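# A closer look at the structure
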Amino acid sequence: MNRVTPKPLPEGELPPLRQVGRPLRRVDALGKAIGATAYAADFTMPNMLHAKVLRSPIPSARIRRLDVSKARALPGVACVLTGADLPDAKLATDMPGQTGRSQRAGSDAPVLATDVVRFHGEPLALVAAESVTLAERALAKIELELDPLPGVFDPHEAMKPDAPHVYGEDNVIARWQIRKGDLEKGMAEADLVVENTFRMPFVEHAYLEPEAGVAWVDEQDVINIRVCTQVVEHFRSVAKALGIPQNRVRIRGTMVGGGFGSKEDVTVEIFLALLARETGRPVKLVYTREESFLASAKRHPFTITHRTGVKKNGRITAAHITMVADAGAYPYLTPYVLLYATGMAAGPYKVDHLHVDSVAAATHQPFTSAFRGFGGPQAALGYEQQMDEIAGALGMDPLMLRRANYLRTGDTTGTGQEIRSAVWLEECLTRAIAALGERTPDSPTRRIGRGCASTFQSYGRITWFHDTSRAWVGVEQDGTVVIRCGVPDIGAGQSNSLCQIAAEILGVPLERVTIYATDSAVTPLAGTSTATRQLYMSGNAVSSAASTIRTCLARRAAEEMGVREDEVDLANSRAFVTNDPSQFIELANLVKKCAAEGLPLSHLAQFNAPFTEGIDPETGQGDIWPDFTFGAQAVEIAVDLGTGQIELLKSAACHDVGRAINPAAVRGQIAGGSHQGLGYALMEDYVVKEGITETPSLGEYLIPTSSDFPATEVIVLESGTGIGPFGAKGIGEPALTPAAPAVANAVADALGVRIRELPLTPERVLRALDRTRSVAPRVRRGMYGEKAPD
Amino acid sequence: MKEKSVVLNVNGRPHEIVLAPNVTLLQALRELGYTDVKNGCEKGDCGACAVFLDGTLVNSCLVLAWQADGARILTDSGLGTLEHPHPIQEAFADTGAVQCGFCTPGMILATKALLDRNPDPTEAEIREALSGNLCRCTGYGQIVAAVRLSAERLRKSDRTRGPRGLDQPSEEGKNG
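Every chain is numbered independently, its residues counted from 1 as its sequence is written. Chains and ligands are labelled by the order in which they are written, letters from A for the one and numbers from 1 for the other. Under the rules for a predicted model, residues below a pLDDT of 70 receive no local features and side-chain atom pairs below 80 are neither given nor counted, while totals for whole chains, interfaces and linings still include all residues.

By definition, any uninterrupted DSSP run of H or I lasting at least four residues is a helix, any uninterrupted run of E lasting at least two residues is a strand, and each is numbered from the N terminus. The helix and strand inventory of chain A stands at 18 helices and 30 strands. Taken over the C-alpha trace, chain A has a radius of gyration of 27 Å; the compact-globule value for 790 residues is 28 Å, and the two agree within 12%. Counting only C-alpha atoms, chain A reaches 85 × 75 × 50 Å along its principal axes. In chain A, which comprises 790 residues, the proportion classed as buried is 60%. Our radius of gyration is a C-alpha quantity, and the globule rule it is checked against amounts to 2.2 Å times the number of residues to the power 0.38. With C-beta atoms placed from the backbone, a residue counts as buried when 20 or more other C-beta atoms lie within 10 Å of its own, as exposed when 12 or fewer do, and as partly exposed for counts between those limits.

Dropping the structure here:
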């Protein structure tokens, strides 16, 4: 097994860095700012058709009649396809990407429904026409008759024996369990057992860019698909669904206008491929906002119950955690989201006696899949609210309770995975709390609450996926640098980080580096922009490729200057003698010498994550992830006692990112992730009633605006112990995880009772306030080392 | 209904096009190649399609193209180029206010509308002015910082005209 041993780089002993660690202007920023960056919906082709998708208006039905003859007969309509035209076209919805080892979760979904529909919005037919208007007209001509079938809209109901069948034999999509230690023994040792149940809703990704793409068949009979995606390796999924060789599909990814996990699933590309192949013409498909909502995955609703045994001193002796997740109508990535939630269920705490039982069941609801955090945020809402409940029951400072139970480097997680990098949980939490400053006093109409959460979140994919990434780095004859890497840039600075790493290692200014990215045919495959993995995986690949070239350059420069190789450094497009920079050779000249002598000036590197063979299915014990990022958030809120409105007054987040390759980008990830988590806690509710989406657009599904919350104060710590380049850890997903539980804890602090279901709407606050009038509220106590408020 | 010919003066270039009455200004501009005008919702919820219409900031999805017949339209790409970016565009790039970039053109025009009428806005005024433009990536903090930096840079320079002579203060600015 490929064990990773991170090399600690304590502060003060870092190698001198010139580009890495500086908040340089991202290479993609100005092009976007002047409006020059082309997104998927911005491309057109000669002779192009426009596509539309017919979707089911109801969640559960048998298709009695789907007659497209009138639509086909309409002038200007080039093609109409239904499930009957592609009876075997199924989409493998799990294991996207390049994964070498196959462990299927049996999650194929029909490309177009043939027999029954299982959710509101399920695709039924495709149209390609000369214009968008004509395509819409053709959709209206399709005659659809559906016989409604009984539906099931709750995962608990779905698992009852008489429940309508959605998918599979018993609607169960996945189960995981952890059996660690001796639960009964651990519970017997406890002075107190605390039990609580917490619920979380559907959440919509709501990226600003709706799904879009253009496809055409080229002169080699290759289907080219220009699409906004997090996974260029879906060329394989498309080829498989079409029954054609994998080298006949090419994904040309564009800059992505936000993904957050939902563009990890196949979206428009399969429809485009079918229509382009059928018509022999370029075809464009752009979702409306409403279609984007109906067609895309949501974050899983979870019900999580914690039963925790604790000693009076706060030490957790045992925990039994159960989780029920709504998988929606098709599995997609549910088995793995559930695995993440299961593996992180107990939080970053040492629990020797642990049972976790988790299950996800299919319903006639929107399908659920990846969303920033991938089950981690739901798990955190469970364990961090439970920690505060335990603290309340013990009358203990929640910070002290956490401190008594934190994992340390060398300890093992709930699945028995040893943590090898730095664990700066306490540091992160105390810094976040300190950043809140003085506590705002209560007023007669407003009650102030403070809350915090400290969380862990993996970066890198599940290690039994055997994840790999490749990057090519080359130096041109004028000393400029080119990177070719199949990394999808979804806005988090994925390409910029790679450029900054190459610039550092090859000693050139950032503006002398150009990256070509995201093309499955011409850029070496780098895997998915998911799982907080690109900086870690492709960053290491770029680092390796660039280092190989650097070695070649340094050796040749040493020879030229008559010094040893280790006396040469590269910076400012020069190779120079470290102790005497007046001795130098311009990089462009050095490159010309190398080229003339046939020395290699480019290199293709592959980085492999640690490979494991899976966890024990009976005990859930084994390694799941490469490493973890640890962080914390603290917030202060005010509850209006008259209206139930919650105002976020202060928010601070602190994460150990290992090494900030670009601190401005890191701060952006943390601030933005925090905001999404704050929205999750306070506003966002994708309402589905009897399977029908009731929040079909950004007018009903409200995400935070610039006026809703103050900015989160961001504190970046760098332990240098990550397994990414320069000791970096990942931050994309970890940034979101602690925000929502911190808010939930703050609201419970203000009210004296807990609202056990998100979002924390004014209606729920008012109901909770009513409860406090009938039930004596929990005694309010000193928080986080502070004096108890009067 | 019958189509008719309209003239749209976009970023200083006149375009004569024949359009049906139900075509929005957003659709017409994108059809003409002004793809920096982004389509995020088509009903005024997100602000990604913002443009200046005769000096007033509008969501182009809520304006019919016929209503813009003969009008001067300014989009983000009319403000600057890679070689000569507008100070607001440059400030957005410099502060980390640009992540996925899809909201950025609309944000930059909303910023310009604000700074044209209020060269030294408070944080509350900035947040209010941008509240019609959704961003899902940044949490808005770095965008607020970009607006502040823009204001500072614009106050320091006497540059009131962009590279193509299009960047004149908006009508809102003149009236405000």
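A few words on the pairing of strand 3 (residues 77-82) of chain A. Residues and elements named next belong to chain A. Counted residue by residue, strand 3 has six buried out of six residues, so it is predominantly covered. Here strand 3 runs beside strand 7 (residues 123-129); their pairing, made up of five bridges, is antiparallel. Each bridged residue has a counterpart across the sheet, and for T82 the counterpart in strand 7 is A125. Between any two strands, pairing holds if DSSP finds at least two bridges.

As a further point, take the domain arrangement of chain A. Examined at the domain level, chain A breaks down into domain 1 (44-149 + 211-286), domain 2 (302-461 + 624-774) and domain 3 (468-608). Any pair of residues counts as being in contact when their C-beta atoms, constructed from backbone geometry, are within 7 Å of one another. Tallying the contact residues gives 16 residues for domain 1 of chain A and 19 residues for domain 2 of chain A. For the purposes of this description, domain bounds are those given by an automatic or database domain assignment.

This part takes up the domain arrangement of chain B. Residue and element names in this part refer to chain B. Taken domain by domain, chain B comprises domain 1 (4-78) and domain 2 (87-162). Each partner contributes to the interface: domain 1 provides 13 residues, whereas domain 2 provides eleven residues. Per-element accounting of the side of domain 1 that touches domain 2 gives the leading share, three residues, to strand 3 (residues 50-53). Note on residue categories: nonpolar means Ala, Val, Leu, Ile, Met, Phe, Trp, Tyr, Cys or Pro, charged means Asp, Glu, Lys or Arg, and polar means any other residue, Gly included. Partitioning the side of domain 1 that touches domain 2 into residue classes produces eight nonpolar, two polar and three charged.

All names here are of chain B. Considering the arrangement of structural elements, one finds L64 in the loop between strand 4 (56-59) and strand 5 (72-74). In this structure, the C-alpha to C-alpha distance between L64 and Q27, residues 37 residues apart in sequence, is 9.1 Å. In this structure, L64 is in contact with P21, V23, T24 and L25, ignoring residues within four places of it in sequence.

Listed by partner, the interface residues are 44 residues for chain B and 44 residues for chain A. At the level of elements, helix 2 (87-94), helix 3 (104-117), helix 4 (123-129) and helix 5 (141-156) of chain B are the ones that each hand at least two residues to the side of chain B that touches chain A. Looking at the side of chain B that touches chain A element by element, the count peaks at four residues for helix 2 of chain B.

As a further point, take helix 3 (residues 132-141) of chain A. Along helix 3 of chain A, the residues that are buried comprise L134, A135, A138 and L139 of chain A. Looking straight down helix 3 of chain A, one finds its buried side chains confined to an arc of 145°; they lie on one side. Throughout, the arc means the angular range of directions from the helix axis out to the C-beta atoms.

Moving on to the sheet that holds strand 21 (residues 513-517) of chain A. Residues and elements named next belong to chain A. Read from one edge of the open sheet, four strands run 21-20-19-25, paired in mixed fashion. If you trace the sheet from one side to the other, it starts and ends with strand 21 and strand 25 (602-608), each paired once. Sheet twist, expressed as the average angle between the axes of neighbouring strands with direction ignored, equals 20°. As paired elements, strand 19 (residues 468-475) and strand 20 (residues 481-485) share four bridges and run antiparallel to each other. Its bridge partner being in strand 20, V475 is matched across the sheet by V481. Set on the sheet, helix 13 (residues 494-506) makes contact with strand 19, strand 20 and strand 21; between it and strand 21 the angle comes to about 140°. To get an axis, fit a line to the C-alpha atoms, keeping to the stretch in contact for a helix; angles then go from 0 to 180 degrees between the N-to-C directions.

Another point: the confidence of the model for chain B. Residues and elements named next belong to chain B. Per-residue pLDDT for chain B averages 92, and the proportion of residues at 70 or more is 89%. Scored below 50 in pLDDT, residues 161-165 shows eleven contacts in the model against residues more than four places distant or in partner chains. What the predictor reports for the complex is a pTM of 0.95 with an ipTM of 0.95. What pLDDT conveys is the predictor's confidence in a given residue, as a value from 0 to 100.

A few words on unusual backbone geometry. Residue and element names in this part refer to chain A. Of note, the bond from L758 into P759 is cis; its omega dihedral lies within 30 degrees of zero at -10°. For P759, the position within the fold is in the loop between helix 17 (739-751) and helix 18 (762-774). Phi at Y332 is positive, roughly 45°, even though this residue is not glycine. Looking at the secondary structure, you find Y332 in the loop between strand 16 (316-328) and helix 9 (334-343). Looking at Y332, the number of C-beta atoms within 10 Å reads 26, which means it is buried. Residues other than glycine seldom take positive phi values, yet T532 does so here, at roughly 50°.

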